[in-house]
Amino acid sequence: MLKSMIIRKSAITLVACCLIGALAGCAHEKEMVVSEADMPPPAVLFERLTADAAPGKTLVGILHVVASLPGERYTFKIAAAAKRPDCLRLEDLSVIGLPDFMLTVKGSEIRMLLPRSGEFMVGTESSEPIRRIFPPAVKPLDLVALLYGQPPGIFSAKGLKGSIDGNRFRLDVYAQGTWAQSLWVDPVTGRLAKIEIADGHGNTAYRALFHDAVEVGSLTVPARIEIETEGMAKVRLSLRNADMELVSRDDDPDFFLLKPPPGITPKTSN
């Protein structure tokens, strides 16, 4: 009996030691710090992150959105289509009745139809009615890049600084000498894991995290994006992109240029 108990206790001790060793190994793996020698040159890494792997193609899907504001929470669905670098189409999918809005972006021009009021507006990203559709600090063309799992474009002279931040490669991007964005890259997959975007004063305007990478045709894109804005009007957005496809819209040249319905006169919004 005593011998049996000793054998059983020894076996339990052995199993416990193995489990502790395995957990220690996991903890060590989590705390692993990437070496600077593993990091590609900043210019090379930035080019990989911003490359167009599907030129001319459009990424389409249904965005399941959860918007959290102080004391408020909203859930809704939006049909989205994004084409790099500067085309976007969003259509509200209301459960009952007419949709709240339809919107297209093509370059700097944004067009929006409000079916319930019959208004059709032509404006830019700074137009007040259009700004109400997007969280503070998130520009319409930012969303194009984010849906592709890429950083928003910078269209001025830029500088790059690479470093190691824990177990991520980090790229700090400067536009004309001023900090514009920071990018954290998974060293194993080479994909963007997190970004922080600057406002006009050099502070963080918003950050975005990318999760659940999926393959869509020749692309690997995030199926879930978490966006959090800073400042007084703090907003948290969770975007889950369901049933994504990569398609061609060459058969419809006006797909990203919304047309006013018959009998409705467009209004210019500043």
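What you are looking at is a predicted structure, and each value in this text was computed from that prediction instead of being measured. (Residues numbered from 1 in each chain as written. Predicted model: local features only at pLDDT ≥ 70, side-chain atom pairs only at ≥ 80, totals over all residues. Heavy atoms only, no water.)

*Asks:* Even after reading the chapter, I still don't get the layout of surface pockets, so can you show me in this structure?
*Replies:* The probe, sized like a water molecule, is rolled over the atoms to show the empty space still left. Quantified by volume, the largest pocket comes out at close to 860 Å³. In terms of lining residues, the largest pocket is bounded by 37 residues, among which K139, D142, P152, G153 and I154 are the most central. If you list the elements that add at least two residues to the lining of the largest pocket, you get α2 (42-50), α4 (140-147), β9 (178-185) and β10 (192-198). With five residues, the single largest contributor to the lining of the largest pocket is α4. Across the lining of the largest pocket, the residue classes tally to 19 nonpolar, 11 polar and seven charged. Considering the residues around the second largest pocket, the lining is formed by 26 residues, among which F76, I78, R132, I133 and F134 are closest to the centre. Within the residue set of the lining of the second largest pocket, elements represented by two or more residues are β1 (58-69), β2 (72-83), β3 (87-92) and β13 (236-247). (1 Å grid on protein atoms, 1.4 Å probe; cavity = no way out; pocket = protein on both sides within 12 Å on 5 of 7 lines; lining within 4 Å. Points joined across faces, edges and corners; volume = space filled by probe spheres on them. Helix = DSSP H or I, 4+ residues; strand = E, 2+ residues; numbered from the N terminus. Nonpolar A, V, L, I, M, F, W, Y, C, P; charged D, E, K, R; others polar.)

*Asks:* Help me understand α2 in this model?
*Replies:* Each turn of an α-helix holds 3.6 residues, which means side chains three or four residues apart point in the same direction. Every buried residue of α2 is listed here: L45, F46 and L49. Buried residues in α2, looked at end-on, bunch into an arc of 100 degrees, giving them a common side. The outward face of α2, more than 90 degrees from its buried face, is lined by the exposed residues A43, E47 and R48. Those residues of α2 that are buried lie in contact with β7 (158-165), β8 (168-175), β9 and β10. (Buried < 20%, exposed > 50% of the residue type's maximum accessible area, 1.4 Å probe, protein only. Arc of directions from axis to C-beta. Contact = heavy atoms within 4.5 Å.)

*Asks:* Help me understand the confidence of the model for the chain in this model?
*Replies:* Close reading of the predicted structure is inappropriate where its pLDDT is low. Averaged over every residue, the pLDDT of the chain is 85; residues scoring 70 or more account for 88%. Within the chain, no element has a lower average pLDDT than helix α1 (residues 2-30), which sits at 39, and none a higher one than β10, at 97. Contacts of residues 1-29 to residues separated by more than four positions or lying in other chains number zero contacts, the stretch itself having pLDDT below 50. (pLDDT = per-residue confidence, 0-100.)

*Asks:* Explanation requested: the packing of aromatic side chains in the structure shown.
*Replies:* A ring pair, where both rings are aromatic, is described by two values, the distance of the centres and the angle of the planes. Tallied over the entire structure, the rule returns one aromatic pair. Between the aromatic rings of F255 and F256, the centroid separation amounts to 4.9 Å while the plane-to-plane angle is 85 degrees, which identifies the pairing as edge-to-face. Take F255: its relative accessible area is 11%, and that puts it in the buried class. Of note, K194 hangs over the ring of W184, and the distance from its end group to the ring centre comes to 4.5 Å. (Phe/Tyr/Trp six-rings, centres within 6.5 Å; stacked < 30°, edge-to-face > 60°. Lys NZ or Arg CZ within 6 Å of the ring centre and 35° of its normal.)

*Asks:* Honestly, the pairing of strand β12 (residues 219-229) in this entry has me stumped. Any pointers?
*Replies:* Strand residues, when the strand is regular, have side chains that alternate between the two faces of the sheet. With eight of its 11 residues buried, β12 lies for the most part within the structure. Looking at chain direction, strand β11 (residues 204-216) and β12 are connected through 10 bridges and run antiparallel. Each residue of the ladder has a partner; that of Y206, found in β12, is T229. With antiparallel pairing between neighbouring strands as the criterion, β11 and β12 make up a hairpin whose turn holds two residues, including G217 at a positive phi of roughly 60 degrees. Relative to β13, β12 runs antiparallel, the two sharing five bridges. Of the residues in β13, the one forming a bridge with E226 is S238. Two successive antiparallel strands, β12 and β13, enclose a turn made up of six residues, where G231 displays a positive phi of approximately 90 degrees. (Pairing = 2+ DSSP bridges.)

*Asks:* When you look at the pairing of β3 in this model, what are you seeing that I'm missing?
*Replies:* Taking burial as the measure, the six residues of β3 include five buried ones, the bulk of the element. Here β2 pairs with β3 via six bridges, running antiparallel. Paired with A82 across the strands is L88, a residue of β3. A loop of three residues connects β2 with β3, the two strands running antiparallel in sequence.

*Asks:* What is the right way to look at the nonpolar core in this model?
*Replies:* It is characteristic of soluble globular proteins that their nonpolar side chains tend to be buried jointly. Counting 55 residues, the largest nonpolar core has L90, L103 and I227 as its most contacted members. Excluding residues within four positions of it along the chain, L90 makes contact with I78, A79, A80, F101, M102, L103, F134 and L143. Counting residues in hydrophobic clusters, the runner-up holds five residues, among them V60, A81, C87 and F255. (Core = buried A, V, L, I, M, F, W, Y, C linked by side-chain atoms within 4.5 Å.)

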